[in-house]
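Residues per chain are reported as follows:
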Amino acid sequence: MALTNKDPHNLRELAQTIALGARIVRREKRGKPTKRLEKRVDRIREQAQAREDAKTKSKRTK
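Structure report, in brief. Owing to the predicted nature of the structure, the values given are computational and were not obtained by experimental measurement.

Reading the values: rules and limits
- Residues numbered from 1 in each chain as written.
- Predicted model: local features only at pLDDT ≥ 70, side-chain atom pairs only at ≥ 80, totals over all residues.
- Heavy atoms only, no water.
- Patch = residues over 30% accessible without salt bridge, like charges linked within 9 Å, V, L, I, M, F, W, Y side chains within 5 Å.
- Areas by Shrake-Rupley, 256 points an atom, 1.4 Å probe, with all protein chains shown as cover.
- Salt bridge = Lys/Arg side-chain N within 4 Å of Asp/Glu carboxyl O.
- Lys, Arg positive; Asp, Glu negative; His and termini not counted.
- Charge placed at Lys NZ, Arg CZ, Asp CG, Glu CD.
- Helix = DSSP H or I, 4+ residues; strand = E, 2+ residues; numbered from the N terminus.
- Buried < 20%, exposed > 50% of the residue type's maximum accessible area, 1.4 Å probe, protein only.
- Core = buried A, V, L, I, M, F, W, Y, C linked by side-chain atoms within 4.5 Å.
- Contact = heavy atoms within 4.5 Å.
- Polar contact = N/O pair within 3.5 Å; in protein donor to acceptor, adjacent residues only side chain to side chain.
- Axes fitted to C-alpha atoms, helices over the stretch in contact; angles between N-to-C directions.
- Parallel < 35°, antiparallel > 145°, perpendicular 65-115°, else oblique.
- Left-handed = near helix turned anticlockwise from the far one by under 90°.
- Nonpolar A, V, L, I, M, F, W, Y, C, P; charged D, E, K, R; others polar.

## Things to note about a negative patch on the surface
Then comes step 1: On the surface, Glu28, Glu38, Asp42 and Glu46 cluster together into a negatively charged patch.
Then comes step 2: The element that contributes the greatest number of residues to the negative patch is helix α2 (residues 35-61), accounting for three residues.
Then comes step 3: With respect to the helices, strands and loops of the structure, Glu28 is situated in helix α1 (residues 11-30).
Then comes step 4: The partly exposed category is assigned to Glu28, whose relative accessible area is 47%.

Listed below in structure tokens is the structure:
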């Protein structure tokens with residue numbers, strides 16, 4: 001279930017993204033690398049967008 005009609009993320013993905021964002025900020029403050037966590041956030045966003053694109057594509061063909 002998306003938060004809004006224009007949002008591709010479901011509640012679980014939003015919670016994961018927010019939690020990862022908080023971890024990224026903490027690691028940046030400590031001067032540690034964050035690339036791995038940033039890639040994980042990107043992967044979540046890409047999967048959510050791909051899922052929503054597939055939904056809209058299937059709705060168009062009906």
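Now that the structure has been shown, the text picks up again.
## Remarks on the pattern of salt bridges
Then comes step 1: Per the stated rule, a full pass over the model turns up three salt bridges.
Then comes step 2: The closest approach of N and O atoms between Glu52 and Arg51, which form a salt bridge, is 4.0 Å.
Then comes step 3: Linking Lys55 and Glu52 is a salt bridge whose minimum nitrogen-to-oxygen distance equals 3.6 Å. Residue Lys55 and its partner Glu52 are both found in helix α2; the two are separated by three residues, about one turn of the helix.
Then comes step 4: Glu52 gets classed as buried once you look at its relative accessible area, which sits at 18%.

## Details of the nonpolar core
Then comes step 1: Judged by nonpolar contacts, Leu20, Ile24, Leu37, Val41 and Ile44 together constitute the single largest core of five residues.
Then comes step 2: For this core, the secondary structure elements donating two or more residues are α1 and α2.
Then comes step 3: Considering every element that reaches this core, the biggest residue donor is α2, with three residues.
Then comes step 4: In this view, Leu37 contacts Leu20, Arg23, Ile24 and Arg27; residues no more than four positions away in its chain are not counted.

## Regarding the environment of Asp7
Then comes step 1: With respect to the helices and strands, Asp7 occurs in the segment before α1.
Then comes step 2: Placed 42 residues apart in sequence, Asp7 and Gln49 show a C-alpha to C-alpha distance of 8.8 Å.

## Quick word on the side chain of Thr34
Then comes step 1: Tracing the backbone shows Thr34 in the loop between α1 and α2.
Then comes step 2: Within the local environment of Thr34, its side chain forms a polar contact with the side chain of Glu38, the two groups lying 2.9 Å apart.
Then comes step 3: With sequence-adjacent residues up to four places away left out, Thr34 is seen in contact with Ile24, Arg27 and Glu28.

## Considering the packing of α1 against α2
How two helices pack is summed up by the angle between their axes together with the distance between the axes.
Then comes step 1: It is at 9 Å that the axes of α1 and α2 come closest, and there the two elements cross at 160°. Classified by the angle their axes make, α1 and α2 are roughly antiparallel. Helix-helix and strand crossings are classified by hand; for α1 and α2 the assignment is left-handed. Packed against α1, whose contacting residues are Glu13, Gln16, Thr17, Leu20, Arg23, Ile24, Arg27 and Glu28, the element α2 presents Arg36, Leu37, Glu38, Arg40, Val41, Ile44, Arg45, Ala48 and Arg51 at the interface.
Then comes step 2: Class assignment of the residues belonging to the contact of α1 with α2 gives a composition of six nonpolar, two polar and nine charged.

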